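Breakdown of the fold
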Amino acid sequence: MSGFVGVLVSDPWLQSQFTQVELRGLKSKFLSAKRESSHVTVKDLPPLMAKLKGLNDVLTAEEIGTILGESYQDDSQEIEFESFLREYLKLQSRSGAKLGSTKNSSSFLKATTTTLLHTINESEKSSYVAHINSYLGEDPFLKKYLPLDPATNDLFNLVRDGVLLCKLINVAVPGTIDERAINTKRVLNPWERNENHTLCLNSAKAIGCTVVNIGTQDLVEGRPHLVLGLISQIIKIQLLADLNLKKTPQLVELVEDDNKDVEELMSLAPEKMLLKWMNFHLKKAGYKKTVSNFSSDVKSIGCSASGKNEFLHHQDGEAYAYLLNALAPEHSSTTTLDTKDPNERAKMILEQAEKLDCKRYLTPKDIIEGSPNLNLAFVAQIFQHRNGLSTDNKKIAFAQSTPDDVLISREERAFRLWINSLGIVTYVNNLFEDVRNGWVLLEVLDKISPGSVNWKQASKPPIKMPFRKVENCNQVIKLGKQLKFSLVNVAGNDIVQGNKKLILAFLWQLMRFNILQLLKNLRFHSQEKEISDADILNWANSKVKASGKTSQIESFKDRNLSNGIFFLELLSAVEARVVNWKLVTKGEDGALFGFYLFTCCEEEKKLNATYIISVARKLGCSVFLLPEDIMEVNQKMILTLTASIMYWSLQKQQPAGQSEASDNSELSAETPEIPSEDSASQKAPSSDGEGSAVAESISNLSIDDATSSTSVENGNETA
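Here is a short report on the structure shown in this document. Position labels on residues start from 1 in each chain and follow its written sequence. For a predicted model such as this one, the threshold for reporting local features is a pLDDT of at least 70, and the threshold for listing and counting side-chain atom pairs is 80 or more; totals across whole chains, interfaces and linings nevertheless cover every residue. To obtain the side-chain values, all non-hydrogen atoms of the structure were included, while hydrogens and water were left out.

1. Some words on helix α23 (residues 466–482)
- Secondary structure elements are defined from DSSP: runs of H or I of at least 4 residues count as helices, runs of E of at least 2 residues count as strands, and each element is numbered from the N terminus. Helix span is expected to be 1.5 Å times the residue number reduced by one. In this model, α23 (17 residues) spans 25 Å end to end at C-alpha, consistent with the 24 Å of a helix rising 1.5 Å per residue.
- Working rule for contacts: check all heavy atoms of both residues, and any pair within 4.5 Å makes them a contact. Residues of α23 that are buried in the fold lie against α22 (439–448), α24 (492–496) and α25 (500–522).
- Residue K484 follows α23 closely and has a positive phi angle near 70 degrees.

2. Some thoughts on helix α30 (residues 635–652)
- The terminal C-alpha atoms of α30 lie 26 Å apart, and with 18 residues this matches the ideal 26 Å at 1.5 Å per residue to within 8%.
- Buried means the residue's accessible area, taken with a 1.4 Å probe over protein chains only, is under 20% of the maximum for its type, while exposed means over 50%, and partly exposed covers the values in between. Across the 18 residues of α30, 16 count as buried, placing the element largely inside the fold.
- Structurally, the start of α30 carries an N-cap: the backbone nitrogen of K636 is 3.1 Å from a side-chain oxygen of N634. Polar contact is defined as a pair of N or O atoms within 3.5 Å, subject to the rule that within protein one atom must be able to donate a hydrogen and the other to accept it, and that residues adjacent in sequence are counted only when both atoms are side-chain atoms.

3. Topic: the packing of α22 against α25
- To get an axis, fit a line to the C-alpha atoms, keeping to the stretch in contact for a helix; angles then go from 0 to 180 degrees between the N-to-C directions. Relative orientation of the contacting elements α22 and α25 amounts to 15 degrees, with a least axis distance of 10 Å. Relative to α25, α22 is oriented roughly parallel. Crossing of α22 over α25 shows left-handed handedness. From α22, L441, V444, L445 and I448 reach across to α25, where they touch F506, L507, L510, F513 and N514.
- Each residue receives one of three labels: charged for Asp, Glu, Lys and Arg, nonpolar for Ala, Val, Leu, Ile, Met, Phe, Trp, Tyr, Cys and Pro, and polar for the others, Gly being one of them. For the contact of α22 with α25, a count of residues per class yields eight nonpolar, one polar and no charged. Relative orientations are named as follows: roughly parallel for angles under 35 degrees, roughly antiparallel for angles over 145 degrees, roughly perpendicular for angles from 65 to 115 degrees, and oblique for any other angle. In a left-handed crossing the near helix is turned counterclockwise from the far helix by less than a right angle, and in a right-handed crossing that turn is clockwise.

4. Description of the nonpolar core
- By convention a nonpolar core is built from buried Ala, Val, Leu, Ile, Met, Phe, Trp, Tyr and Cys residues, the set being connected through side-chain atoms within 4.5 Å. Core analysis: the largest hydrophobic core is formed by 171 residues, its most contacted members being L155, L230, L274, W277, M278 and L510.
- The greatest single-element share of this core, amounting to 13 residues, is contributed by α25.
- With residues up to four places along the chain from it excluded, the contact list for L155 reads V129, I132, L148, L164, L228 and I231.

5. A look at the packing of aromatic side chains
- Ring pairs shown here join Phe, Tyr and Trp side chains whose ring centres sit within 6.5 Å, with only the six-membered ring taken for Trp; geometry is labelled stacked below 30 degrees between planes, edge-to-face above 60, and tilted in between. Scanning the entire structure with this criterion turns up 11 aromatic pairs.
- On the numbers, 5.8 Å between centres and 55 degrees between planes, the contact of F141 with Y145 is tilted.
- Exposure remark for F141: the relative accessible area of 11% places this residue in the buried category.
- Here a set of aromatic residues connected by ring pairs shows up, and it is made of F30, F81 and F84.
- Ring-over charges, as used throughout, are those where CZ of Arg or NZ of Lys falls within 6 Å of the ring centre and within 35 degrees of the ring normal. Over the ring of F81 we find K27, and its NZ or CZ is 5.3 Å from the ring centre.
- Positioned above the aromatic ring of W581 is the side chain of K549, whose terminal nitrogen or guanidinium carbon lies 5.1 Å from the ring centre.

6. With respect to the pattern of salt bridges
- Between Lys or Arg on one side and Asp or Glu on the other, a salt bridge is scored when a side-chain nitrogen of the former is within 4 Å of a carboxyl oxygen of the latter. Counted under the stated rule, the structure contains 25 salt bridges.
- A salt bridge links E179 to K167; the nearest nitrogen and oxygen atoms lie 2.8 Å apart. Of the two residues, E179 is situated in the loop between α8 (163–172) and α9 (190–206) and K167 in helix α8; the sequence distance between them amounts to 12 residues.
- Measuring nitrogen to oxygen at the nearest pair gives 3.8 Å for the salt bridge that ties K618 to E195.

7. A closer look at the packing of helix α14 (residues 318–327) against helix α16 (residues 342–355)
- In the contact formed by α14 and α16, the axes pass within 10 Å of each other and the chain directions differ by 30 degrees. As far as their axial angle goes, α16 and α14 are roughly parallel. Our pair here, α14 against α16, has a crossing hand that is left-handed. Together, E318, Y320, A321, L324 and N325 of α14 and R345, I349, Q352 and A353 of α16 make up the contact between the two elements.
- Classifying every residue of the contact of α14 with α16 by side-chain character gives five nonpolar, two polar and two charged.

Listed below in C-alpha cells is the structure:
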C-alpha cells in the first residue's frame, strides 16, 4: 500500500487550518507559479490569489495587492509557501468581512470550539458520540474503547486508525464493507492505518456520502470538523434509509390517487420525504403552518400585524408538540401546548419521544435554537418508531406493484453514486427523475470533458418551460456525439421523457469514457493510442500471468469471473500483501450435486465478491458495483472494476518526474476511479517488483502526456 505523508507545514496551527486536499491544491498552484520564474514574490501573488476559492469574485487582484502592501513594503520580496498560506488566510478573513460572512456563516458546524476557518458544534458531537456508543458498544473490537466521553477528544483519537468509521458505515448500510478487509490489530503500522482510511472513504462514497474534500491524512490527524462532517453524513444515511416507497410503501398515503403524484413522491430526496410526512400529520392535527426545514420551522412561528410570518424571540417547538400529539396521543397531554416556558415545553417533548423509544439526539436547547442536523435526526427517529401511516390501503398495493427491474435498479444505484462522487454542484437523489431536465448531465459532461458545455445555451433549474429542458437535453446528446458515443436515433426528448434504458446507456458511455480518459492521461508511454476495452482485458490477463497464477479470462462476460478468483489474483498481483488467501473460498459450481451444495457455492461466491470489492476500495479504487454484479458477471461493472485496478496499479508506478502532475487534488477529489488521495506520492514496501512488469505487460498501451483532462478549477469544495 502507499503510505501517503501529505503536505507538511512546520507550524502545527497553520497545518490545522487546511485539509490535505486543500494543501495539495494550494501547493500545486504555488509551485506552478514558482516554476515560471524560479521564485515567487509579493507582486506575483495578486493575480494568483484572485483565482483562489473564497477570494475569487470577492476581491480583485488590485484589492489583494493593496492589502498585501500593508504588510510588505517591497513587492519584490520573495515569498515561501508557508507565508503564502498565511497571507491566504488573512485575505480570506478580509473577504469574509467584505461579504459580512461573520454574521451569516454557512459552515456545516457552528459553535463553541473554533479556529479561524473551522468550527465544531459540541451538541452535535455529543449526539454523535451517543449514537456510536449505542450502536457499536458491543462490537467485539471496539467495546474495549467504548463508551466514549463526549466531553473529551476520545472520538477524534479513536477515528485515527480507521476502524470506527468503517464499522459505522456498516451500521448505516449493512454489508457495505467486508469486515475481514479491515485491519484490526491493536497497533497498526502507517500503511495498515492508511488502508483502513482509504477503505472508509471509498466505502463512504459508495453509500452516498460526499467526501470531495476529505483525505486519508485528515482522518489520520483526526481533524474534528471533517470527522464530524463525515460521521454526520453516515448517521443521516442510516436514519433516512426507510424514507422511500420500496422500504415503506405506506408513504404513498401522502399523495392523492393521481399516478403523477406518486411518481413525484418517488423522486423526492429522503429529507423532503420526511418533511412531507411531517406536514401530512401536522395538517391532520390542525397545525396551521407548513414546516419547510429542520431548523427555524420546528420552532414556534408567530404572525406579525402585517400578516407575514416572523420568528418569535422565544422558540418552543410547537410543531413537535402537534406532531407527537397526533402520532402518540396515549403519551401526550394538552399541558405540552399550554406550557409557556420554551425550555420546559422542549423537555416535555423529549420525554414524550423517549416513551416511543426514540434515542435522544438533541437537547431542549437544540430544539429552541433549531439545530438542523439534530432536529432532522430527531424527526427521523420518530418516523422509524411511529410513522402513523395506514397499513391497509389500496395505494400500498399500487406502490408495491410498481415494476422494479433488479438490474436496472442496480445500475441506477451505481451511476447515481458515481455522479455524486464527481463533486458536481447538484446532488442526485433519484437518477431517472433528476436527469430529465438535462442540467445534471451537463454538469457531469463539463466535469469529465471540461469546457465542452455551452452554458450560455443551458437553462438552470428550476425550469418551468418544457422546451428549455429539451434544449438542455439536446445539448447533452450533441456533446455525446462529439465524444463518439453510440447515440443512433436518440434525441434529447428521450431523456426528458425519462426513457430508463436510454438514460442508463448514455450514463454507461459517460462512465466508460471517464475511466478510459483517466487511463489515457496517466501517460508514461507515448504512442498516441487510445485505450480500449481490449487493452484493459489484456493488461489484466498479463498481470495475473506475470504473477505466476494460471487464471485467464476471455472477455468481461466470462462466466469464470463469477467465483471471484481471477479478481483476487489480479489484486494480489498488483499488491501482494492486500489479499489474505486464508479468507478466500473456492466458489466452485456444485449444482450437479444437489441444491444444498449449489446454495453453499452461491454463498461462497458472495463472500468472495464482497471481499473483492472491499479489498479494491482498501487498495484505493473507487468502485460502485455490488457483489451480485460480480456473481452474475455484469459486463459493465466488471469492466469498471478491472479498469479501476489497472488505474491504481499504473498510477502507482508512474515515473517520479510525473508524480507532481498526478498528485492533483482536483483530480483525486473529483474523479470516480481514482485512489482516494494517496497512491501517487509514496509507496509502502511491495513484494511483487511491479515496475518493470508494468512496462512490459502494457507496452502496447499508449498513455497521453497531459495532466488529467478531468482536472477542474473548483476542486476544493467543502465537505
